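Examining the three-dimensional arrangement
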Amino acid sequence: MLIAGFPAGAWGTNCYLVAPAAGEECVIIDPGHQAAQGVEDALKKHRLKPVAVILTHGHIDHVASVVPVCGANDVPAWIHPEDRYMLSDPEKAIGRSFGAQLMGELTVGEPSDVKELTDGAQLKLAGLDFSVAHAPGHTKGSVTFQLPESAEVPSVFFSGDLLFAGSIGRTDLPGGSHAEILESLARVCLPLDDSTVVLPGHNEHTTIGRERATNPYLRQVAAGLGADEAPRRGM
């Protein structure tokens, strides 16, 4: 399996291109702020043909390049229905004071083909099988994508802004909920094998085993503590 990832834009949001191998079809995950050129470069370098864009959530730092990337490659974008409005109205999703800094440089809107994700869906794209889990807390429509393990590679978990190395996503923006993100961590992350590789929306990759042992939020959830007892600082 080939996974080509790079940080893009003002927030260093990780964009991933996933394919069975070089020279084959691929899926693009979270082409965010200023990611279009990086996507084009990775497609050329690895001789990949996109078949879809899939989105972990609707925040502008993860979706700002969806329209140009989908348009240039004539592919659909997949997003959870509760975050779909963010494609056309990102300022509503991140707050006016934050959004005003970016609105002048962005062309927002939906690509011509938008498909909606559902909890438990199995997406068969580019010869790969992505399991979708609805994981609200960072946003109402946050999801994760998981690829199954094989004889060659462990399972890969694209966590979006649910789980980071040593931390979790922030919950203070519109639609965020600290109680919901803890529930999502318990339901979606805790059952995963320790060997599962976590590719998050920001910063470096990690594993579930490492986070189970060291991440204060995952440790608190594993201990059965609720929102009033768990730490409250996310990224």
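Scroll up to find the structure this text is about.
Below is a summary of the structure that appears in this document.

Conventions used here
Residues numbered from 1 in each chain as written. Predicted model: local features only at pLDDT ≥ 70, side-chain atom pairs only at ≥ 80, totals over all residues. Heavy atoms only, no water. Phe/Tyr/Trp six-rings, centres within 6.5 Å; stacked < 30°, edge-to-face > 60°. Helix = DSSP H or I, 4+ residues; strand = E, 2+ residues; numbered from the N terminus. Buried < 20%, exposed > 50% of the residue type's maximum accessible area, 1.4 Å probe, protein only. Pairing = 2+ DSSP bridges. Axes fitted to C-alpha atoms, helices over the stretch in contact; angles between N-to-C directions. Contact = heavy atoms within 4.5 Å. Core = buried A, V, L, I, M, F, W, Y, C linked by side-chain atoms within 4.5 Å. Salt bridge = Lys/Arg side-chain N within 4 Å of Asp/Glu carboxyl O. Arc of directions from axis to C-beta.

In total, this model carries 2 aromatic pairs according to the counting rule given. With a centroid separation of 5.4 Å and an interplanar angle of 65 degrees, the aromatic rings of Tyr16 and Phe158 are classed as edge-to-face. Here Phe158 lies in strand E10 (residues 156-160) and Tyr16 lies in strand E2 (residues 13-19), a separation of 142 residues in the sequence. Tyr16 sits in the buried class, given a relative accessible area of 7%. Given the relative accessible area of 1%, Phe158 is considered buried. Between Phe130 and Phe145, the aromatic rings sit 6.5 Å apart at their centres with planes inclined by 85 degrees, giving edge-to-face as the arrangement.

Once that is clear, we can look at unusual backbone geometry. Positive phi values are uncommon outside glycine, yet Arg47 reaches one of about 55 degrees. By the secondary structure assignment, Arg47 is in the loop between helix H1 (36-46) and strand E4 (49-54). Here Ala126, not a glycine, exhibits a phi torsion of approximately 55 degrees, which is positive. As for its position among the elements, Ala126 is in the loop between strand E7 (122-125) and strand E8 (128-134).

Taken together, the 6 strands give an open sheet; going across it, the order is E1-E2-E3-E4-E5-E6, and neighbouring strands pair in mixed fashion. Each edge of the sheet is formed by a strand with only one pairing partner; in this case those strands are strand E1 (2-8) and strand E6 (114-116). If you compare each strand with its neighbour and ignore which way they point, the axes differ by 25 degrees on average. In terms of strand pairing, E2 meets strand E3 (residues 25-29) through 3 bridges, oriented antiparallel. Bridge pairing in E3 links Val18 to Val27. Where helix H3 (residues 66-73) meets the sheet, its contacts fall on E3, E4 and strand E5 (77-79), and the angle it forms with E4 comes to roughly 150 degrees.

Moving on, we come to the nonpolar core. In this structure, Leu17, Ile28, Val39 and Val53 are the most contacted members of the largest nonpolar core, which totals 28 residues. Secondary structure elements with two or more residues in this core: E1, E2, E3, H1, helix H2 (60-63), H3 and E5. Other than its neighbours up to four places away in sequence, Leu17 contacts Leu2, Ile3, Ala4, Phe6, Cys26, Val27, Ile28, Val39, Ala42, Leu43 and Leu48. Residues Leu117, Leu125, Ala126 and Phe145 belong to the second largest nonpolar core, which totals 21 residues.

To continue, consider the pattern of salt bridges. Under the definition given, this model contains 10 salt bridges. One salt bridge connects Glu180 with Lys140, and the closest N-O pair in it is separated by 3.4 Å. Of the two residues, Glu180 is situated in helix H7 (residues 178-189) and Lys140 in the loop between E8 and strand E9 (143-147); the sequence distance between them amounts to 40 residues. Between Asp172 and Arg170 there is a salt bridge; the shortest N-O distance is 2.8 Å. Taking the relative accessible area as the measure of exposure, Arg170 reaches 33% and is therefore partly exposed.

This part is about the sheet that holds E9. The strand order E7-E8-E9-E10-E13-E14 describes an open sheet built from 6 strands, whose pairing is mixed. Whereas interior strands pair on both sides, the edge strands pair on one side only; in this sheet they are E7 and strand E14 (206-207). For strand E13 (residues 197-200) and E14, the ladder comprises 2 bridges, and the chain directions are antiparallel. In the sheet register, Val198 faces E14, and the bridge partner there is Thr206.

Below, the discussion takes up the pairing of E3. Within E3, 4 of the 5 residues are buried, leaving the element largely enclosed by the surrounding structure. As consecutive antiparallel partners, E2 and E3 are separated by 5 residues, and within that stretch Gly23 has a phi angle of approximately 80 degrees, a positive value.

For the rest of this paragraph, the subject is H1. Taken together, the buried positions of H1 are occupied by Gly38, Val39, Ala42, Leu43 and His46. Angularly, the buried residues of H1 cover 135 degrees about the axis, an arc narrow enough to put them on a single face. Exposed residues pointing more than 90 degrees away from the buried face of H1 are listed as Lys44 and Lys45. Of the surrounding secondary structure, the elements contacted by the buried residues of H1 are E1, E2, E3, E4 and H3. Arg47 sits one or two residues past H1 and shows a positive phi near 55 degrees.

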